[in-house]
Amino acid sequence: MRWTKYLLPYMLVLTFSFLAGCTSTEKDKGNSASTEQTDEKMITIGWPLDVGPLNPHTYLPNQMTAQAMVYESLVAYNDDGTITPKLAESWVISEDKTAYTFHLRKDVNYSDGTAFNADNVIRNFDAVLANRDMHSWMGMVNHIKEVVKVDESTIRLQLDEPYYPVLNELAFVRPFRFLGDNGFPDGDKTNDSIQSAIGTGPWVLTDYKKDEYALFSRNEHYWGEKPLVDKIKVKIIPNSESISLAFENEELDVIYGRGVISLDNYTYLRDSGKYKTATSEPLSTKALLFNTQSGPLAELKVRQAMQYAINKEQMVESITHGTEKVANTLFWEAIPYANIDLAPIIYNPEKAQKLLDEAGWTLQKGEKIRSKNGQPLTLDLIYIATDAIQKPMAELMQGELAKIGVQLNIEGADVMVGLQKLMDDQVDINFWRTNGPPTDPHSFANESATPNASGVYEAKLGLPNTQEIDTNIHQLLVGTDEEERVQLYTDILTMFHKQALFYPISYETNQVIYQPYMKDFAPRASEYDIPYAQMDKEN
């Protein structure tokens, strides 16, 4: 179902991220993680949820960061937005942009020693495409006509029409990653289960106890640069306070990612001066999505007033403790096609009140809430109940809007509950989040023109010329003229900005804290592909 893609980033933020660390033995937890009784180096990772069955072709309960350790893609997406070879050493795109011919590496074996080849690639594609509905959030899935073997090391992906983000979507962590032949179940239907997690990636699962731990060892068959440590142990630690304490006790080497521990604990550890820290480039954008279908937010001036009334600079600094960066546009400028000159919305409560007055929402003498034709100016906002950042932000906005005569009712709910209410026109404002690399901005474009995807399609129905917007989105995805695509993205993102459909709040980053005996490493501008192969510690 299309909601799957929308749900994934939230589930990552709310329920898991990786921590890395190292323990001596299970019975000797009090000793420093830097001590080992063997010559092997091991990083121990704390994670709130079990890694799942590690099926490369399906979603929850499989955890994306674990899938990325075991399985690889045909191409790789880099932090600078470029696409480079991975399991495919090169590719050729046909003149009409409907056929992609991939030349596969000949030096690749799976972790069980079996060969990676064209037959295996076709088998994996077929397994994914047998469940198109499950993967329809990925636009490419709806355009694939066939995948054919050209020779033992060459395959051709044939589309029904051009679709420019093919390489970006192939680089994503799932579902187009590759399972060894011995991992397939009888009948090849991987939507339900696999035999075992056999991949070409740098790690192989060697020991596992559900809800307790998963031990990954270096894949000695790996074709690329080998990891610097021998093992990674994923320990299930469902309590974030316990994670913080384990790190302080040197039972963990690294805390990596957003939402792993509370912001208070993160700030305490960061500001202690005892540990090394690093921050990635911005990943995704946290924003508000305004429902224009009906109610007060159907009026442009009301939407604009809401944005001028919120002091997001103060909100981001006070609530995220500087771990996120203030966002003035929907996408970070490094996202492809997003470096557009758009005027930022600067906190100005006086201007907000003037806009509401102009729209006919006035504050009567003795009243605290504005009204128009006898209707009070009340709005409903839903935040994800378990999100440690969304709730205080909602409460702060509630207070800010009250100052200009707007009653904001806030409610915590499950992510899918809030999404459904938005699509059913039962709520005015939802927290919303971009997907981040490697699928932005084209995944955003897909969702904006697709019903029941992420709520954007429904939220924008009150805007002028919605049909024209959808037509332009389709054209930028399937068109072959790069200059035209740049202009269409510019037009659409500028229009959404001017129409105040979104209120960008902050750019999210990966924050890293690690022990002083760990060697420095750079966090990636990716939420799922964490660079454990580059992590190491001093001898």
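Residues numbered from 1 in each chain as written. Predicted model: local features only at pLDDT ≥ 70, side-chain atom pairs only at ≥ 80, totals over all residues. Heavy atoms only, no water.

Looking at an unreviewed UniProt entry, one finds the chain named Sodium:proton antiporter, with Lysinibacillus sphaericus CBAM5 as its source organism.

Go over the overall build of the chain, please, and point to the residues and values.
Looking only at helices and strands, the chain has 15 helices and 22 strands in total. Against the 2.2 N^0.38 benchmark of 24 Å for 539 residues, the chain shows a C-alpha radius of gyration of 24 Å, consistent with a compact globule. Referenced to the eigenvectors of the C-alpha coordinate spread, the extents of the chain come out at roughly 80 × 60 × 40 Å. Looking at the 539 residues of the chain, the share that counts as buried comes to 58%. Summarising the internal contacts of the chain: among those between residues at least 6 apart in sequence, 70% fall at separations of at least 24. Mean positive and mean negative side-chain charge positions of the chain (49 and 76 charges, respectively) differ by 3 Å. (Helix = DSSP H or I, 4+ residues; strand = E, 2+ residues; numbered from the N terminus. Rg over C-alpha atoms; globule rule 2.2 N^0.38 Å. Buried < 20%, exposed > 50% of the residue type's maximum accessible area, 1.4 Å probe, protein only. Contact = heavy atoms within 4.5 Å. Lys, Arg positive; Asp, Glu negative; His and termini not counted. Charge placed at Lys NZ, Arg CZ, Asp CG, Glu CD.)

An account of the UniProt feature "domain: Solute-binding protein family" (unreviewed entry) in the chain is needed here, citing residue identities and associated values.
Cross-referencing UniProt, the feature "domain: Solute-binding protein family" (unreviewed entry) maps to residues 82–452 in the present numbering. Regarding residues 82–452, the helix share stands at 25% and the strand share at 23%, and the terminal C-alpha atoms are separated by 31 Å. (UniProt positions renumbered as here; feature names shortened; annotations may be inferred.)

Can you lay out the pattern of salt bridges for me, pointing to particular residues and giving the numbers?
If the charged atoms of two oppositely charged side chains come close together, the side chains can form a pair. Counted according to the given criterion, the structure contains 24 salt bridges. One salt bridge in this structure joins K149 and D119, with 3.1 Å as the shortest N-O distance. Taken together, the positions of K149 in strand β7 (residues 144–151) and D119 in helix α3 (residues 118–129) put the pair 30 residues apart, joining distant regions of the chain. Given the relative accessible area of 35%, K149 is considered partly exposed. Residues joined in a network through salt bridges with shared partners are K286, E324, R433 and E508. (Salt bridge = Lys/Arg side-chain N within 4 Å of Asp/Glu carboxyl O.)

Tell me about helix α8 (residues 312–320), and please be specific about residues and values.
When α8 is considered as a whole, its buried residues turn out to be K312, M315, V316, I319 and T320. Along the axis of α8, the buried positions cluster into a sector of 95°, meaning they face one direction only. If you follow the buried residues of α8, they end up packed against α6 (263–271), β15 (325–326), α10 (390–402) and β21 (502–507). (Arc of directions from axis to C-beta.)

With reference to specific residues and values, describe the pairing of strand β2 (residues 42–47).
Counting buried positions along β2 yields six of six residues, so the element is predominantly enclosed. Alternating positions in β2 separate into two faces, M42, T44 and G46 on one and I43, I45 and W47 on the other, with burial throughout. Note: β2 against strand β11 (residues 231–236), six bridges, orientation parallel. Looking at the pairing, M42 lines up with K231 of β11. (Pairing = 2+ DSSP bridges.)

So what's going on with the domain arrangement of the chain? Which residues, and what values?
Per the domain assignment, the segments making up the chain are domain 1 (40–70 + 201–275 + 515–538), domain 2 (72–192) and domain 3 (283–508). Taking only C-alpha atoms, the centre of domain 1 and the centre of domain 2 are 27 Å apart. For the pair domain 1 and domain 2, the summed buried surface comes to about 2,100 Å²; carbon and sulfur atoms form 54% of the total. On the domain 1 side of the interface with domain 2, the three residues burying the most area are H57, Y59 and W223, jointly 41% of the side's total. Put simply, domain 1 and domain 2 have one salt bridge between them. Two residues, D79 and R524, come together in a salt bridge whose shortest N-O distance is 3.2 Å. For the pair domain 1 and domain 2, the interface holds twelve residue pairs in polar contact (both at pLDDT 80 or more). (Domains from an automatic or database assignment. Buried area = accessible area lost by both parts, 1.4 Å probe. Polar contact = N/O pair within 3.5 Å; in protein donor to acceptor, adjacent residues only side chain to side chain.)

Tell me about the nonpolar core, and name the residues and values.
With 71 residues, the main nonpolar core has L74, F102, L157, L170 and F176 as its most contacted residues. Broken down by element, the residue count for this core peaks at six residues, all from α3. Not counting the four nearest positions on each side in its chain, F176 is found in contact with E72, S73, F125, V128, L129, M138, M140, V141, I144 and L170. Membership of the second largest hydrophobic core comes to 35 residues, among which are I310, L377, I389 and M393. (Core = buried A, V, L, I, M, F, W, Y, C linked by side-chain atoms within 4.5 Å.)

How would you sum up the packing of helix α5 (residues 240–248) against α6? Please name residues and give values.
Running from N to C, α5 and α6 cross one another at 15°; their axes reach a closest spacing of 10 Å. On the basis of the axis angle, α5 is roughly parallel to α6. In this structure, the crossing between α5 and α6 has a hand that is left-handed. Between α5, through E241, S244, F247 and E248, and α6, the contact on the second element is made entirely by N265, Y268 and L269. (Axes fitted to C-alpha atoms, helices over the stretch in contact; angles between N-to-C directions. Parallel < 35°, antiparallel > 145°, perpendicular 65-115°, else oblique. Left-handed = near helix turned anticlockwise from the far one by under 90°.)

Tell me about the pairing of β21, residues and numbers included.
Burial runs high along β21: six of the six residues are buried. Across two bridges, the pairing between β15 and β21 is antiparallel. Bridged to V326 within β21 is S506.

Describe the sheet that holds strand β8 (residues 154–159), and please don't skip the residues or the numbers.
Read from one edge to the other, the open sheet built from four strands follows the order β5-β6-β8-β7, with strand pairing classed as antiparallel. Of all strands in the sheet, those with a lone pairing partner are β5 (88–93) and β7, marking the two edges. On average, each strand axis in the sheet is tilted by 20° relative to the strand beside it, whichever way the strands run. Direction of pairing for β7 relative to β8: antiparallel, over a ladder of six bridges. Bridged to E146 within β8 is Q158. Contacts from α3 reach β6 (99–104), β7 and β8, with the element oriented near 170° to β7.

A description of the sheet that holds strand β18 (residues 378–384) should follow, citing residues and the corresponding values.
Taken together, the six strands give an open sheet; going across it, the order is β15-β21-β14-β20-β18-β19, and neighbouring strands pair in mixed fashion. One side of each edge strand has no neighbouring strand; the edge strands of this open sheet are β15 and β19 (407–413). Here β18 pairs with strand β20 (residues 429–433) via two bridges, running parallel. Bridged to I382 within β20 is N430. Most of the contacts of α10 go to β19, to which it runs at about 170°, and overall it touches β14 (285–290), β18, β19, β20 and β21.

Give me the lowdown on the confidence of the model for the chain, citing residues and values where you can.
Of the residues in the chain, 93% have a pLDDT of 70 or more, and the chain-wide mean is 89. Contacts from residues 1–37, a stretch scored under 50 in pLDDT, to residues over four places away or in other chains number 150 contacts. (pLDDT = per-residue confidence, 0-100.)

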